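Tertiary structure, described
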There are 4 protein chains.
Amino acid sequence: MKARVGIVGATGYTGEELLLLIARHPNIELAFATSEKEQGQKLCSYFPQFSLPSDMIFISADQALDHPVELVFLCLPAGESARLGKSFFSQGCKIIDLGADFRFADAQEYDRWYHQPHKAPELLSQAVYGLPEWYRKEVQGAKIVGNPGCYPTSALLALLPFNQQDLIAEQPIIIDSKSGLSGAGKTLSRASHFMEANENVVAYKAGRVHRHVGEMETILQRDAFSPGHILFTPQLVPMARGIFSCVYFTAKNAIADRDAMQILRDAYESEAFVHVLDDIPSTRLAQNSNHCFLHVLSFPETNQIVVFSAIDNLGKGASWQAVQNMNIMMNWPETTALI
Amino acid sequence: MKARVGIVGATGYTGEELLLLIARHPNIELAFATSEKEQGQKLCSYFPQFSLPSDMIFISADQALDHPVELVFLCLPAGESARLGKSFFSQGCKIIDLGADFRFADAQEYDRWYHQPHKAPELLSQAVYGLPEWYRKEVQGAKIVGNPGCYPTSALLALLPFNQQDLIAEQPIIIDSKSGLSGAGKTLSRASHFMEANENVVAYKAGRVHRHVGEMETILQRDAFSPGHILFTPQLVPMARGIFSCVYFTAKNAIADRDAMQILRDAYESEAFVHVLDDIPSTRLAQNSNHCFLHVLSFPETNQIVVFSAIDNLGKGASWQAVQNMNIMMNWPETTALI
Amino acid sequence: MKARVGIVGATGYTGEELLLLIARHPNIELAFATSEKEQGQKLCSYFPQFSLPSDMIFISADQALDHPVELVFLCLPAGESARLGKSFFSQGCKIIDLGADFRFADAQEYDRWYHQPHKAPELLSQAVYGLPEWYRKEVQGAKIVGNPGCYPTSALLALLPFNQQDLIAEQPIIIDSKSGLSGAGKTLSRASHFMEANENVVAYKAGRVHRHVGEMETILQRDAFSPGHILFTPQLVPMARGIFSCVYFTAKNAIADRDAMQILRDAYESEAFVHVLDDIPSTRLAQNSNHCFLHVLSFPETNQIVVFSAIDNLGKGASWQAVQNMNIMMNWPETTALI
Amino acid sequence: MKARVGIVGATGYTGEELLLLIARHPNIELAFATSEKEQGQKLCSYFPQFSLPSDMIFISADQALDHPVELVFLCLPAGESARLGKSFFSQGCKIIDLGADFRFADAQEYDRWYHQPHKAPELLSQAVYGLPEWYRKEVQGAKIVGNPGCYPTSALLALLPFNQQDLIAEQPIIIDSKSGLSGAGKTLSRASHFMEANENVVAYKAGRVHRHVGEMETILQRDAFSPGHILFTPQLVPMARGIFSCVYFTAKNAIADRDAMQILRDAYESEAFVHVLDDIPSTRLAQNSNHCFLHVLSFPETNQIVVFSAIDNLGKGASWQAVQNMNIMMNWPETTALI
């Protein structure tokens, strides 16, 4: 019998991508999809490209609580996930939050970056950061998974192999990331108007103001890392999907090029979705997939290291990674529906 | 002494393009630029890319009436041009309306397509349709010029050489046009959201519902043409600027390929901005210019003719043509600031 | 046990797309992939984004004949498919040709459009045109399937419902199609150089010279249709994938809008991949899928009909349809690996 | 009387852009345009979008030496400029080289980065680096100007204000630059194939291998700067024109945000083409212009500085800056034809 799952917030880009994957997944069936705005409309009219039950309609998130499911994906703004997650959790339902509410272990740290008190701080101790390549065991037993942000996924997969071996000096880590426009969401805005985004590159919230700085530093601190050193430059480039991060840091000691590559290879040799390439990857390789492609250059004269990381922000950076997390939580083969 | 000109509605894409051209134009100076929304803001902050007087601020359209100018460009929604144009006209100011209010000679016809009564019907007899290659003499003496719509410019330059010689049969004329997104304007909308428009082609208002059907038919009727025959398919393609129109019609009699080409060449041989090419043109050729490129294929077995027309919708399709009209109205060399 | 399949010509865009689908398909395994140019290179180095056997290398097409398979996909230029198909056929292998060599029943007609004698005319009587929605039964028993061209797929799905009921008048049928650049293939060319294709729309081989005119007319002739009436305008628009066809024809008698829609709905009501929408579709809906989306407008005053058809040229227009054909030939559920 | 100028290598993107500007320039006329490949073809057929003399044909570079001009623009590969420049120089002709041969004062340094001996080392002492905002006086009297590379223009305008005041610490300077595809030139290549470049971001020649590292370091060394510290990551993003550089360096001492901005403002307050904005600029602002837009963020806790620099790679990064240099060399108003 198929497991029943639901999506709360199904009309955004991450929800849409989840619907695609759920239709492909042999072990699950969709129990509900919510949208406050499209409530009552048929799913198959809104998404004619998916093979959806012809009579299923969008319901509200509150109505969804009456539909028992084994697992729910939350695609909601900060604050909303915690509020609704609490109710789903109390029903014994597993939760994968594609938003930010379950990424921080510490409610105060969350508050600092999201400028609002956490709405379910009592659940944080049960929440697991869903970056399976590093926290697979925690995800296996988790009831609540905070699915990583898109930029942090790309940067942490580049940094963690070095950070866990305490190879990073206490100097600025520069993360220069270029994202496609799907990362900017479905809400209309000047920055995502075609005429502004097309034929354009622009940085925004550069430095230490973007919320993902907090997410990255809170994860890096689990190992040897003192916060305050990340400089992050998120940028929009004229494409739909993909993040290309150049991660620059100073190593504590000189590392030969070949050794830097080996550190990455050792970290990911048995992984299905993280690949260390002989050349600098491009985001196109990762499009519509759960893959992350990495490459590293080392400059021993100055102890400088550059790691290149390419993902699909809606893939490994959001919905595909969420399904990877579900597969792990449900004890299914990790690559199910993701090939 | 430079002539003083003003722009009403300067923050949209056509207004922005006019500012670019005015800065290049040796004979004029900008007296004012209006914006209801940006009123009080400095122009040079809003448009740092133009060499604008550092102390000039956006004023309201009503305030603009206190600034005497020789000529005013109106970049306004339907209805607004007529209302304001009336006031400027009463001050003896020449008017070039980039909107639709002065393109129809007949107020009822305007009402039929724009679903509102015309706000200055008494001025229509003085208004001239500003397609200089066909109505240059009228433009020369005009006080009010209705600057043609972008789609009609591309289609009429293709059709008029044949229509004026009464070569077009009373059968459907199919105008299949592909436009860049600047044609959809600066107002945020689902259709012009990057993620919707990028990697996408879509038709809208196809058939006989788009307002430009009315504009095209009203101009074609000046010669032998009975209305009701145009089928028009406007489409959005993922680029910023450019219109590519394929204009299909049946000739009254078979026309050899070479003769069809000659008809175009004869029509435009002395024109600086309309060029008949030996091959099918591309919109890229016309980008950021006042040029229109044409090519024609004829299929004598079925009397079928296809004319290909490429323009920049903000160029010959709007602001550059408006400056061409100004040059003619002011008796300046027609290509001034347009090379 | 999984069926073994091979791909001849695996490094082009259609071959790449087949590799993606084969990895997803539960009933088959890849026996070989050929490339004359990449011979000897590892597949997993060339395509790091796919989960491919780590030791598989590209072999030459001639070597492939030593690897027995149940079915082979041919992704080859005109002429090459027939030559190699002959050899594979003689081994008892089923063939799906994504090229043009098995789309024509008549070798002379093939010669007329492809300007070369057919290399295996004796096989043409066994070849089936693989448009499953219309020729499913033939495909079921077929040993050789000529997979339809991308433009013909989009246009025939629009025209066949009307043509089979003999509703189309003997007047020009205009097919105005806009294609993404993947349709232009992987070979470097001026037209597919980024700087030429980006921010550009251009038509090529317009009229009756493109080979797909022959393919469309040869299929339409199976029903009431006299050839020579199609005018076809293929165009390149700046996107990777997708074809948007506007198909204009004159009906023998006036057809009400609602009746025209019903004709489409009746034709495709039980189909998994062809969908008749209430609004004009966009190509984005069809991206990365086997879907075709249709809509029709009728203008009874002039008997004019416009059908809008949106597909992914690499999806329903090539590789995904090829897998659909395989599923039918192998008696597997038709949607396997295609959801 | 107009000054006569010539273009050697007129069919590439920088040559094309020069033709546009020359047509607009009131003080010059085109004497010749060379192309080895298009020799004998009419310019107005190759470039129908420009108002070119109808009888002018492309000649070879060697033939051009017979046409006396006051100034010649060289748009040639490394090595070729020096070879031809020598001949033009001996005729008393002023030279603006858009290639790399006259950017280095030292022939050995040139050899190190361009892997070939310089072909006119005796001329290097007369050559001036054409970054007018910093070397205007030298340009004024120059006979040979080495027009800066596109990436170096964007980075040096960001760095020089700090470097000239000796504020930069001896630590890695990271220059993370994103360029549109026109920077990759007109020669067909895999990287500039639409299907590869579209919907993609990729870095190439990252680290210290790109030739522009040499150019940037050789200029910075004129002031306090020890070479070997630049890490440069050039990247291609899917757009036609524009470079967005994020320049990260460590200051010798903490600099307050406001002070960092003031350093930029002081450096460029009287410049027509370099603008310090209150917000992070976008490349779109600089499109089709000679402008450079700058903004800086400072992080005094770590002495880290980030300067953002946006230009058009064909504008300030190539042909428009070349015309700026010509205006200075010829004692014309610096903004002539560049507004």
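Residues numbered from 1 in each chain as written. Chains lettered and ligands numbered in written order. Predicted model: local features only at pLDDT ≥ 70, side-chain atom pairs only at ≥ 80, totals over all residues. Heavy atoms only, no water.

Let us look at the domain arrangement of chain A. All names here are of chain A. Partitioning chain A into structural domains gives domain 1 (3-148 + 317-329) and domain 2 (151-313). Residue-level contacts link 25 residues of domain 1 with 33 residues of domain 2. Taken together, the two surfaces of domain 1 and domain 2 that pack against each other cover about 2500 Å², and 54% of this comes from carbon and sulfur. Considering only the surface of domain 1 that becomes buried against domain 2, Tyr-13, Trp-113 and Trp-134 emerge as the three largest contributors, covering 28% of it. Joining domain 1 to domain 2, the criterion identifies three salt bridges. Glu-271 serves as the salt-bridge partner of Arg-136, at 2.6 Å between the closest nitrogen and oxygen. Here domain 1 and domain 2 share twelve residue pairs in polar contact (both at pLDDT 80 or more) between them. Only helix H1 (13-24), helix H5 (107-114), helix H6 (132-140) and helix H12 (315-329) provide two or more residues apiece to the side of domain 1 that touches domain 2. Among the elements that make up the side of domain 1 that touches domain 2, the one with the highest residue count is H12 (five residues). For the side of domain 1 that touches domain 2, the class distribution of residues is 13 nonpolar, five polar and seven charged. (Domains from an automatic or database assignment. Contact = heavy atoms within 4.5 Å. Buried area = accessible area lost by both parts, 1.4 Å probe. Salt bridge = Lys/Arg side-chain N within 4 Å of Asp/Glu carboxyl O. Polar contact = N/O pair within 3.5 Å; in protein donor to acceptor, adjacent residues only side chain to side chain. Helix = DSSP H or I, 4+ residues; strand = E, 2+ residues; numbered from the N terminus. Nonpolar A, V, L, I, M, F, W, Y, C, P; charged D, E, K, R; others polar.)

A few words now on the interface of chain D and chain A. With 41 residues of chain D at the interface, the matching set in chain A holds 41 residues. Contact between chain D and chain A buries roughly 3200 Å² in total, counting both sides, with carbon and sulfur atoms accounting for 63%. Its largest share of buried area at the contact with chain A, chain D owes to Glu-199, Val-201 and Arg-284 of chain D, together 20% of the area lost on that side. Here chain D and chain A share four salt bridges between them. In this structure, the salt-bridge partner of Arg-284 of chain D is Glu-196 of chain A, at a minimum N-O distance of 3.8 Å. Seen at the junction of chain D and chain A, the total is 20 residue pairs in polar contact (both at pLDDT 80 or more). The set of elements that each furnish at least two residues to the side of chain D that touches chain A consists of strand S7 (173-179), helix H8 (194-197), strand S8 (202-203), strand S9 (230-236), strand S10 (243-250), helix H11 (283-286), strand S12 (292-299) and strand S13 (304-311) of chain D. Its residues placed into classes, the side of chain D that touches chain A shows 22 nonpolar, twelve polar and seven charged.

The full count for this structure, using the stated rule, is 54 aromatic pairs over all chains. Ring plane angle 90° and centroid distance 5.9 Å describe the contact between Trp-134 of chain C and Tyr-268 of chain C, whose orientation is recorded as edge-to-face. Here Tyr-268 of chain C lies in helix H10 (residues 257-268) and Trp-134 of chain C lies in helix H6 (residues 132-140), a separation of 134 residues in the sequence. Per residue, the accessibility class of Trp-134 of chain C equals that of Tyr-268 of chain C, and both read buried. An angle of 15° between the planes, with centres 5.5 Å apart, marks the rings of Phe-194 of chain C and Phe-194 of chain D as stacked. Remark: Phe-194 of chain D occurs in helix H8 and Phe-194 of chain C occurs in helix H8 (residues 194-197); the pair is interchain, linking two chains. Among the aromatic residues, ring-to-ring pairing joins Tyr-46, Phe-47, Phe-50 and Phe-58 of chain A into one connected group. Just above the ring of Tyr-135 of chain A sits the side chain of Arg-222 of chain A; from NZ or CZ to the centre is 4.6 Å. (Phe/Tyr/Trp six-rings, centres within 6.5 Å; stacked < 30°, edge-to-face > 60°. Buried < 20%, exposed > 50% of the residue type's maximum accessible area, 1.4 Å probe, protein only. Lys NZ or Arg CZ within 6 Å of the ring centre and 35° of its normal.)

This part covers the pattern of salt bridges. Two side chains carrying opposite charge are able to pair once their charged atoms lie near each other. Summed over all chains, the structure comprises 64 salt bridges over all chains. Put simply, Lys-178 of chain B and Asp-176 of chain B hold a salt bridge, and the shortest N to O gap is 2.8 Å. Each member of the pair Lys-178 of chain B and Asp-176 of chain B is classed as buried. Close ionic contact of Arg-208 of chain C with Glu-217 of chain C constitutes a salt bridge, the shortest N to O distance being 2.7 Å. What makes Arg-208 of chain C partly exposed here is its relative accessible area of 22%.

What follows is about the side chain of His-25 of chain B. Residues and elements named next belong to chain B. Take His-25: it is sitting in the loop between helix H1 (13-24) and strand S2 (28-34). Within the local environment of His-25, its side chain forms a polar contact with the side chain of Asn-327, the two groups lying 2.8 Å apart. Setting aside anything within four residues of it in sequence, one finds His-25 in contact with Val-323, Met-326, Asn-327, Trp-332, Thr-336 and Ala-337.

With an RMSD of 0.0 Å, the operation that places chain D on chain A is a rotation of 180° combined with a shift of 0.0 Å along the axis. Between the two chains, the operation in question is that of a two-fold axis. Comparing contact sets, 100% of the residues at the interface of chain D also lie at the interface in chain A, consistent with an isologous, same-surface contact. (Least-squares fit on C-alpha atoms with pLDDT ≥ 70 in both.)

With that settled, consider the relation of the copies chain C and chain D. Aligned on chain D, chain C shows an RMSD of 0.0 Å; the corresponding rotation is 180° and the shift along the axis is 0.0 Å. When the interface residues of chain C are mapped onto chain D, 100% of them again fall at the interface, so both copies present the same face.

Time to look at the pairing of strand S9 (residues 230-236) of chain C. Residues and elements named next belong to chain C. Of all seven residues in S9, seven are buried, a share of seventy percent or more. Where burial is concerned, the two faces of S9 agree: the one with Ile-230, Phe-232, Pro-234 and Leu-236 and the one with Leu-231, Thr-233 and Gln-235 are both buried. Judged from the seven bridges that link them, strand S7 (residues 173-179) and S9 form a sheet pairing that is parallel. Its bridge partner being in S9, Ile-174 is matched across the sheet by Leu-231. (Pairing = 2+ DSSP bridges.)

Turning next to the sheet that holds strand S11 (residues 274-276) of chain D. All names here are of chain D. Spatial ordering of the open sheet is given by S8-S9-S7-S10-S13-S12-S11, a layout of seven strands whose pairing is mixed. For this open sheet the edge positions go to S8 and S11, each flanked by a neighbour on one side alone. Where S7 lies against S10, six bridges are found, and the strand directions are antiparallel. From the neighbouring strand, Ser-179 faces S10, where its bridge partner is Ile-243. Across the face of the sheet, helix H10 (residues 257-268) comes into contact with S11, S12 and S13 while running at roughly 155° to S12. (Axes fitted to C-alpha atoms, helices over the stretch in contact; angles between N-to-C directions.)

Contacts between chain C and chain D engage 19 residues on the former and 19 residues on the latter. A combined buried area of about 1700 Å² lies between chain C and chain D, and 68% of that area is made up of carbon and sulfur atoms. Interface area lost by chain C to chain D is led by Leu-188, Phe-194 and Met-195 of chain C, which between them contribute 41%. On inspection of chain C and its partner chain D, the count reaches zero salt bridges. For the interface between chain C and chain D, the tally reads eight residue pairs in polar contact (both at pLDDT 80 or more). In terms of residues, the side of chain C that touches chain D owes the most to one element, H8 of chain C, which gives four residues. Taken together, the residues that form the side of chain C that touches chain D break down as nine nonpolar, seven polar and three charged.

Right, let's talk about the environment of Ala-322 of chain D for a bit. Residue and element names in this part refer to chain D. Locating Ala-322 in the fold gives a position in helix H12 (residues 315-329). Spatially, the C-alpha atoms of Ala-322 and Gly-146 are 9.1 Å apart, while their sequence positions differ by 176 residues. Beyond its immediate sequence surroundings of up to four residues, Ala-322 is in contact with Leu-18, Phe-73, Ile-96, Leu-98 and Asn-147.

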